[in-house]
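# Tertiary structure, described
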Amino acid sequence: MDHIKQKIIEIGRPKAETVKKLTKEYGDKVIQEVTVGQVLTGMKGVVSLLTCTSKLDPEEGIRFRGYTIPQLQELLPKMHQDGEPLPEGLFYLMLTGELPTKDDVNFISNQWAQRAMGIPPHVFDVINALPKDAHPMIQFNTAILAMSTESQFRKAYLAGMDKKDYWDPTYEGVMDLIARLPVIASYIYRRVFHNENYIEMDPSLDWAGNLAHMMGYEDVEVKRLMRLYMLIHADHEGGNVSAHATHLVGSALSNPYYSFSAGMNGLAGPLHGMANQNVMHWINKMLRDIGDENPSEEQIRQYAETTLSQGQVIPGYGHAVLRKTDPRFTVQLEFAKKYIPDAPLIQLVEKIYNVVPEILSSTGKVKNPWPNVDAISGSLLSSYGITEYPIYTVLFGVSRALGVLTQLIWDRLYGLPIERPKSQNLAWYMSKVNYQE
């Protein structure tokens with residue numbers, strides 16, 4: 001048994017007992033009241049999930065096991081001291097709750113490099129059977145399902161096993177799946193955008209560095225950017241669509257491939273993971289409509305006000321929970337200022353940042369006028385030559401696997417049951433508040 005699995009047992013078993021005792025001894029205790037408005041507007045603010053990997057703080061942004069992104073930049077192991085944290089370290093932190101050593105990170109990197117070579121040929125056959133113009137997320141999700149033939153959980157479950165051990169084959173399947181996602185993503189990228197000119201993986205590289213390599217980018221800065229991108233998109237507590245969908249399907253004891261596929265179907269929505277593409281489309285439309293590749297802040301202000309007056313939103317701004325600039329936006333902007341401060345798209349993003357929050361605040365309708373992660377991620381990728389917008393959500397999906405699949409392991413450690421909330425028809429809600437038509 002590898003040392004990570006041993007640590008999971010040491011940490012997880014006592015916590016599983018705590019969950020059992022909470023359910024048994026305090027199961028009737030009321031912890032929250034729910035309003036009609038919360039239910040009918042997307043369950044916002046309703047605490048109904050047990051998630052240990054991350055928490056979204058309205059003021060501090062995302063915290064991974066209690067650590068902010070700036071703290072992770074200081075504390076997680078790096079390839080080089082002046083570089084970005086390795087996502088393998090974040091995976092270890094979310095999995096165990098403890099900061100990893102460099103040896104821990106190296107162990108995971110080596111494990112993922114070995115497991116990445118085990119993708120069966122039929123997976124690529126399935127991808128190749130799809131039209132090249134099928135959106136990359138369609139190809140990505142189809143490949144995920146095709147890989148489920150290798151599910152270790154399914155095989156172990158059919159063979160019969162103790163419920164308390166469900167986490168073990170789940171862990172093995174998660175390790176396999178995460179290891180193989182960069183290979184699949186880069187294969188789709190090269191198939192669609194680079195004439196099927198594929199690049200073999202390099203087992204000596206780290207997980208994110210290998211993704212950049214297989215996509216065709218050998219520059220050190222691109223590898224560093226990919227490590228940062230994978231780090232900041234990895235998780236966003238349990239209630240977002242991709243995380244919740246993965247948990248929901250996983251609660252039926254579906255294997256990690258089925259569960260993650262469900263999450264990726266949610267990520268593909270324009271209100272979730274495709275928002276980064278919407279930002280780039282808005283920026284490009286603005287440049288075309290203004291007729292200037294380097295518009296002034298005043299021109300941007302007028303265009304943004306026109307966008308709002310037409311009943312449209314400014315993509316990349318606002319967030320359901322955050323009440324300040326998204327730290328994921330900030331660290332990307334800092335990265336850009338460090339390496340490519342003169343990039344036209346980055347300068348444009350800064351101009352937009354200087355005017356849009358004030359415009360949104362002046363409407364009196366927006367609680368959070370600040371930029372989120374999507375406001376800059378596409379511009380940063382584009383500035384390094386990754387200009388194919390449809391691949392952005394796939395890259396988001398590769399990263400999001402780290403958090404949602406770690407939580408799936410913990411769902412099995414906790415022994416959580418199938419999720420089954422109660423639903424009611426409209427008349428029931430009307431009767432609850434004595435609503436009369």
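Residues numbered from 1 in each chain as written. Predicted model: local features only at pLDDT ≥ 70, side-chain atom pairs only at ≥ 80, totals over all residues. Heavy atoms only, no water.

## What to know about helix α10 (residues 207–215)
The buried fraction of α10 is high, at 9 of 9 residues. Inspection of α10 places Trp207, Ala208, Gly209, Asn210, Leu211, Ala212, His213, Met214 and Met215 among the buried residues, and these make up the whole buried set. Remark: glycine 216 follows α10 within two positions and exhibits a positive phi of approximately 110°. (Buried < 20%, exposed > 50% of the residue type's maximum accessible area, 1.4 Å probe, protein only. Helix = DSSP H or I, 4+ residues; strand = E, 2+ residues; numbered from the N terminus.)

## What about unusual backbone geometry?
A negative phi angle characterises most non-glycine residues, just as the trans form characterises most peptide bonds. The backbone of arginine 65 shows a phi angle near 50°, a positive value even though the residue is not glycine. Mapped onto the elements, arginine 65 comes out in the loop between β2 (61–64) and β3 (67–68).

## Quick look at the packing of helix α14 (residues 275–290) against helix α17 (residues 344–363)
Running from N to C, α14 and α17 cross one another at 90°; their axes reach a closest spacing of 12 Å. As summarised for this structure, α14 and α17 are arranged roughly perpendicular, according to the angle between their axes. Residue-level inspection shows Met280, Trp282, Ile283, Met286 and Leu287 of α14 in contact with α17, the latter providing Leu345, Leu348 and Ile352. Tallied by class, residues from the contact of α14 with α17 come to 8 nonpolar, no polar and no charged. (Axes fitted to C-alpha atoms, helices over the stretch in contact; angles between N-to-C directions. Parallel < 35°, antiparallel > 145°, perpendicular 65-115°, else oblique. Contact = heavy atoms within 4.5 Å. Nonpolar A, V, L, I, M, F, W, Y, C, P; charged D, E, K, R; others polar.)

## Considerations on the pairing of strand β1 (residues 54–57)
Regular strands show a simple pattern: their side chains alternate between the two faces of the sheet. What you see with β1 is a clean split: Ser54 and Leu56 sit on the buried side and Lys55 and Asp57 on the side with no burial. As judged from the 4 bridges shared by β1 and β2, these two strands associate in the antiparallel manner. Residue leucine 56 lies in a different strand from β2, and its bridge partner there is isoleucine 62. Hairpin connection, β1 to β2: the antiparallel pair is bridged by 3 residues. (Pairing = 2+ DSSP bridges.)

## Observations concerning the sheet that holds β2
A sheet is described by the order of its strands in space; here 3 strands give the open sequence β1-β2-β3, paired in antiparallel fashion. Two strands close off the open sheet at either side, each with one partner strand: β1 and β3. Note that β2 and β3 share 2 bridges and pair antiparallel. The residue of β3 that forms the bridge with phenylalanine 64 is tyrosine 67.

## A look at empty space enclosed by the protein
The tally for this structure, following the rule as stated, stands at 3 cavities of 30 Å³ or more. Empty space within the largest cavity amounts to approximately 100 Å³. Lining of the largest cavity is provided by 15 residues; of these, Thr51, Gly238, Ala243, His247 and Gln407 occupy positions nearest its centre. Contributing elements (two or more residues each) for the lining of the largest cavity: α12 (241–250) and α19 (392–414). When residues in the lining of the largest cavity are grouped by element, the largest group, 5 residues, is from α19. Residues belonging to the lining of the largest cavity are distributed by class as follows: 5 nonpolar, 7 polar and 3 charged. Looking at the second largest cavity, its volume works out to about 80 Å³. Taken together, 13 residues make up the lining of the second largest cavity; nearest its centre are Trp112, Ala113, Met201, Trp207 and Asn210. Secondary-structure elements contributing two or more residues to the lining of the second largest cavity are α5 (102–115), α9 (167–193) and α10. (1 Å grid on protein atoms, 1.4 Å probe; cavity = no way out; pocket = protein on both sides within 12 Å on 5 of 7 lines; lining within 4 Å. Points joined across faces, edges and corners; volume = space filled by probe spheres on them.)

## Brief notes about the side chain of lysine 5
Along the polypeptide, lysine 5 turns up in helix α1 (residues 3–26). A residue is classified by how much of its surface remains accessible, and lysine 5, at 9% relative accessible area, is buried. Here the side chain of lysine 5 touches aspartate 168 through a polar contact of 2.9 Å, side chain to side chain. Here lysine 5 is in contact with Trp167, Asp168, Tyr171 and Glu172, once residues within four sequence places are set aside. (Polar contact = N/O pair within 3.5 Å; in protein donor to acceptor, adjacent residues only side chain to side chain.)

## Some remarks on the layout of surface pockets
There is about 420 Å³ of room inside the second largest pocket. Taken together, 19 residues line the second largest pocket, and the ones lying closest to its centre are Lys163, Lys164, Arg412, Tyr414 and Gly415. When contributions to the lining of the second largest pocket are tallied by element, the ones reaching two or more residues are α1, α12 and α19. Class assignment of the residues belonging to the lining of the second largest pocket gives a composition of 8 nonpolar, 4 polar and 7 charged.

## Overview of the packing of helix α7 (residues 136–146) against helix α13 (residues 256–267)
Packing of α7 against α13 leaves a shortest axis separation of 9 Å and a crossing angle of 170°. Classified by the angle their axes make, α7 and α13 are roughly antiparallel. Contacts from Met137, Phe140, Asn141, Ile144 and Leu145 in α7 reach Tyr257, Tyr258, Phe260, Ser261, Met264, Asn265 and Leu267 in α13.

## Digging into the packing of aromatic side chains
What the rule picks out here adds up to 16 aromatic pairs. Consider the rings of phenylalanine 124 and tyrosine 187, whose centres lie 4.8 Å apart with planes at 55°: the pair is tilted. Of this pair, phenylalanine 124 sits in helix α6 (residues 121–129) while tyrosine 187 is found in helix α9, placing the two residues 63 residues apart along the sequence. As far as burial versus exposure is concerned, phenylalanine 124 and tyrosine 187 are alike and both buried. Taking 5.6 Å as the distance between ring centres and 50° as the angle between the ring planes, the aromatic pair formed by tyrosine 389 and tyrosine 392 counts as tilted. No difference in accessibility class separates tyrosine 389 from tyrosine 392, as the two residues are buried. (Phe/Tyr/Trp six-rings, centres within 6.5 Å; stacked < 30°, edge-to-face > 60°.)

## Considerations on the pattern of salt bridges
Proximity of charged atoms lets side chains of opposite charge pair with each other. Tallying each qualifying case throughout the model produces 19 salt bridges. Two residues, lysine 5 and aspartate 168, come together in a salt bridge whose shortest N-O distance is 2.9 Å. With a gap of 163 residues between them, lysine 5 in helix α1 and aspartate 168 in helix α9 connect regions that are remote in the sequence. Among the salt bridges present, the one from lysine 164 reaches aspartate 162, with a minimum N-O distance of 3.4 Å. What you see here is one network of salt bridges that share partners, running through Lys5, Arg115, Asp168, Glu172 and Asp176. (Salt bridge = Lys/Arg side-chain N within 4 Å of Asp/Glu carboxyl O.)

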